[in-house]
Amino acid sequence: MKPQCNSHESSVLCGSVECSPVRGLGWKQGSVLVCVLASVVGSTGCGDSTEDPPSNNPSAQGPLYAVTSRIFNSDFSDTTSFVWLIDDLDSGRLDTAEAIELPGGASIWGVAEAGVFYVVSAEELTLTKLEIEEGRPKEAGRIGLTGQGVTFLLSERMVFDGPDRAFLLDLNSAQALELDLAQMEIARTVDLSTVLLGSAELNFLAETKFRQHGDRLVTSIYGTSTDYGSVAVESNLLFFDPAAGTFTVDSAPCGGLNYSVLAPNGDIYFASDTYVASVHLITAEGSPPPCMVRLARDSRQADSTFVSMNDVLGGPAGGLIPGSDGSAYVRVLDANLYSPGPGSTYQEAFSAAAWQTWRLDLDDPMSAERIDREPLAGGIKVFEVDGHGYENESTANFSSTTLIRTTGSNAPVRGLEMPGTTWGIVRVR
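Residues numbered from 1 in each chain as written. Predicted model: local features only at pLDDT ≥ 70, side-chain atom pairs only at ≥ 80, totals over all residues. Heavy atoms only, no water.

Observations concerning the overall build of the protein
Short version of the rule: Helix numbers and strand numbers start at the N terminus; a helix is a DSSP run of H or I with at least 4 residues, a strand a run of E with at least 2. Note on classification: 1.4 Å probe, protein chains only; a residue is buried when its accessible area is under 20% of the maximum for its type, exposed when over 50%, partly exposed between these limits. Every accessible area reported is derived by Shrake-Rupley at a probe size of 1.4 Å, with residue values counting cover from the shown protein chains alone.
Assigned secondary structure in the protein consists of six helices and 29 strands. Classification of the 429 residues of the protein by burial places 59% in the buried group. Carbon and sulfur atoms make up 45% of the accessible area of the protein, which amounts to about 16,600 Å² in all.

Have a look at this one:
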């Protein structure tokens, strides 16, 4: 029986690797960070170990990455997050015994190589700043969010204007909190009620990051019903002016836009995801058909026409994962591996290990062709680090994940393995 998701974050992630300790925080370093985050996770009794840390600790020099994953219980009703400090994304295996454990959902954010990263706790509704001193994390401030009317977090995003200024976006409370990260204070709040989709009961920020578009940054917003069983027929493109600290929207010509890639010429392509494709497959009237739309580099509005992904790819399709040389990867449901029957649900279709990977040229979608790769489940997480794209290759119950580098030589290439589903990566040093 396929897992049934009880929250949208789980349903948007409902795709095999064995995990053993190789690389991550040693026990000693892990103890330090647990103590540092005691106020966030409610830990007590932290102490030092008389044992030497394992020799596979990250080196004092060279790259250092903060990585987080989420592990769901069998029915996706409970979540635990884990954080590691590591020095390599392209090899090795992580183990929860060498991680920092946080209850509930946690996300990490930061400016690349700034020497700090930030942990947003959905359980405690806090934002914690962590500095790296001698290769170890040290708490450098914490902000509570409940006083600003934040009652729960579902698809929060941090967007930065340099290392000391950022905005934390929360569409549930329809606001952006402008943050002074040097003082770890909330400088002001920005009303986001005008950027929401009026036809949606729930609004979500896109999975992929804000992208540079001229002098502004841009991402997308899509919407669903409260039970996630239907998707709004339209999406918005959300523009952020860092200098002014303002947010504006333009409408997009199709719904469910959740992924984006940047083309070599500066155009940005947005696409709906496999969740939208799954809802549309089960109940066509419950979701717009999956689509892809272009925002030209010199335009303030998306093209009025769009690509019907199902028509181009010959079946339910979604996702948009960075590739090399103007290409991107998408996932297409293979009818030979999964076809809905009476009583089938979108969760079942979404979590079926039946999604094939296809590559297409962004300027010629009809060029799409299937690549030789094992079928996956539908949930897609995308990360861009050090100029490369990465995606998750997760088991069908999302108990473990392998990072796949999707750009550069010989891509796609298998990399770091970890328990749960990779949820965030920040290059700290």
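Having put the structure on the table, let's press on.
A closer look at the pattern of salt bridges
Basically, it comes down to this: Salt bridges are defined as contacts in which a side-chain nitrogen from Lys or Arg sits within 4 Å of a carboxyl oxygen from Asp or Glu.
Scanning the entire structure with this criterion turns up 19 salt bridges. A salt bridge links Arg142 to Glu139, with the nearest nitrogen and oxygen atoms 3.9 Å apart. By relative accessible area, which is 28% here, Glu139 ends up partly exposed. Asp267 is the salt-bridge partner of Arg294, the closest N and O atoms lying 3.0 Å from each other. Of this pair, Arg294 sits in strand E19 (residues 291-295) while Asp267 is found in the loop between strand E17 (257-262) and strand E18 (268-272), placing the two residues 27 residues apart along the sequence. According to the relative accessible area criterion, Arg294 is partly exposed, its value standing at 28%. Within the structure, one salt-bridge network assembled from shared partners comprises Arg331, Arg373, Glu391, Glu393 and Arg414.

Let's talk about the state of the cysteines
Keep this limit in mind: For this text, the term disulfide refers to a pair of cysteine sulfurs within 2.5 Å.
Here the structure, examined in full by the defined rule, presents one disulfide. Each sulfur in the disulfide pair Cys254 and Cys291 lies 2.0 Å from the other. Handedness here is read from the sign of the S-S torsion; for Cys254 and Cys291, about 90°, the answer is right-handed. One end of the pair, Cys254, is in the loop between strand E16 (246-252) and E17; the other, Cys291, is in strand E19, and 37 residues separate them in sequence. Residue classification places Cys254 among the buried positions, given a relative accessible area of 4%. Judged by its relative accessible area of 0%, Cys291 falls in the buried class.

Describing the environment of Glu417
Here Glu417 is to be found in strand E28 (residues 413-419). Given the relative accessible area of 13%, Glu417 is considered buried. Sequence separation of Glu417 and Ser394 is 23 residues, and the distance between their C-alpha atoms is 9.7 Å.

Let's talk about empty space enclosed by the protein
In this approach the atoms are scanned with a rolling probe the size of a water molecule, which exposes any empty space left behind. Formally: The way it works is a 1 Å grid over only the protein atoms, where trapped points that fit a 1.4 Å probe form a cavity and open points with protein on both sides within 12 Å along at least five of seven lines form a pocket, and then any residue with an atom within 4 Å of a point lines it. Grid points are joined across faces, edges and corners, and a volume is the space filled by probe spheres set on the points.
Taken as a whole, the largest cavity spans an internal volume of roughly 40 Å³. Lining the largest cavity are Met292, Val307, Met309, Val312, Leu313, Leu360 and Pro365. Considering each element in turn, the lining of the largest cavity owes the most residues, three residues, to helix H5 (residues 309-313).

A word on the sheet that holds strand E5 (residues 116-121)
We apply this condition: When DSSP finds two or more bridges between a pair of strands, those strands are recorded as paired. Axes, fitted as lines to C-alpha atoms, cover a helix only where it is in contact. Angles between the N-to-C directions of the axes lie from 0 to 180 degrees.
In space, the four strands of this open sheet follow the order E4-E5-E6-E7, with antiparallel pairing throughout. Bordering the open sheet on either side are strand E4 (106-109) and strand E7 (136-144), each of which pairs with just one other strand. Going across the sheet, the axis of each strand differs from the next one's by a mean of 25°, ignoring polarity. Pairing geometry for strand E6 (residues 126-133) and E7, over eight bridges, is antiparallel. Within E7, the residue paired with Thr126 across the bridge is Gly144.

Looking at the packing of aromatic side chains
The geometry of an aromatic ring pair is captured by two quantities: the separation of the ring centres and the angle between the planes. To be explicit about the condition: Stacked, tilted and edge-to-face pairs are distinguished by plane angle, under 30 degrees for stacked and over 60 for edge-to-face with tilted covering the rest, among Phe, Tyr and Trp rings (Trp via its six-membered ring) whose centres lie within 6.5 Å.
Enumeration over the complete set of coordinates arrives at 10 aromatic pairs. Here Phe72 and Trp423 contribute two aromatic rings whose centre-to-centre distance is 6.4 Å and whose plane-to-plane angle is 65°, an arrangement assigned as edge-to-face. A residue pair is termed long-range when its members are at least 10 positions apart, and Phe72 in strand E1 (residues 65-72) and Trp423 in strand E29 (residues 421-427) qualify at 351 residues. Geometrically, the ring pair formed by Tyr118 and Phe160 is tilted, given 6.1 Å between the ring centres and 40° between the ring planes.

Some points on a negative patch on the surface
Keep this limit in mind: A residue counts toward a patch only above 30% relative accessible area and without a salt bridge, and it is joined to like-charged neighbours within 9 Å or, for Val, Leu, Ile, Met, Phe, Trp and Tyr, to nonpolar neighbours within 5 Å. All tallies of charge rest on Lys and Arg as positive and Asp and Glu as negative; His and the ends of each chain are not included. The atom standing in for a charge is NZ when the residue is Lys, CZ when it is Arg, CG when it is Asp and CD when it is Glu.
A contiguous patch of negative charge, built from Asp75, Asp78, Glu123 and Glu124, is present on the exposed surface. Mapped onto the fold, Asp78 is located in the loop between E1 and strand E2 (79-86). A relative accessible area of 44% means that Asp78 is categorised as partly exposed.

Brief notes about the nonpolar core
We apply this condition: We call a set of buried residues a nonpolar core when its members are Ala, Val, Leu, Ile, Met, Phe, Trp, Tyr or Cys and they connect through side-chain atoms within 4.5 Å of each other.
Counting 22 residues, the largest nonpolar core has Tyr269, Met309, Leu313, Leu320, Val330 and Leu362 as its most contacted members. Elements with a contribution of two residues or more to this core: E17, E18, H5, strand E21 (317-322), strand E22 (327-333) and strand E23 (355-361).

Some points on the environment of Ser235
The condition is simple: Contact criterion: two residues are considered in contact whenever any of their non-hydrogen atoms come within 4.5 Å of each other. Pairs of N or O atoms within 3.5 Å make up the polar contacts considered here, provided that, within protein, one atom can donate a hydrogen while the other can accept it, and that residues adjacent in sequence are counted only when both atoms are side-chain atoms.
Relative to the elements of secondary structure, Ser235 occurs in strand E15 (residues 235-241). Taking the C-alpha atoms as reference, Ser235 lies 10.0 Å from Phe204; in sequence the two are 31 residues apart. Those residues in contact with Ser235 that sit more than four places away from it in its chain are Leu197, Ile221, Tyr222, Ser251, Ala252, Cys254, Gly255, Gly256 and Leu257. At a separation of 3.0 Å, a polar atom in the side chain of Ser235 contacts the main-chain amide nitrogen of Gly256. Looking at Ser235, its side chain comes within polar contact range of the main-chain nitrogen of Leu257, at 3.1 Å.

Details of the side chain of Gln175
In this fold, Gln175 is placed in strand E10 (residues 175-180). Reaching out from Gln175, the side chain makes a polar contact with the side chain of Ser173 at a distance of 2.9 Å.

As for the confidence of the model for the protein
Rules: The predictor rates its confidence in each residue with pLDDT, a number between 0 and 100.
Overall, the prediction assigns the protein a mean pLDDT of 86, with 86% of residues at 70 or greater. In the model, residues 1-56 has pLDDT below 50 throughout and makes 159 contacts with residues more than four positions away in sequence or in other chains.

Describing the pairing of E21
Counting buried positions over the six residues of E21 gives six, a clear majority of the element. When E21 meets E22, the two strands line up antiparallel, connected through four bridges. Bridging across to E22, Ala317 finds its partner in Val332. Between E21 and the antiparallel strand that follows it, E22, lie four residues; Asp325 among them carries a positive phi value of about 55°.

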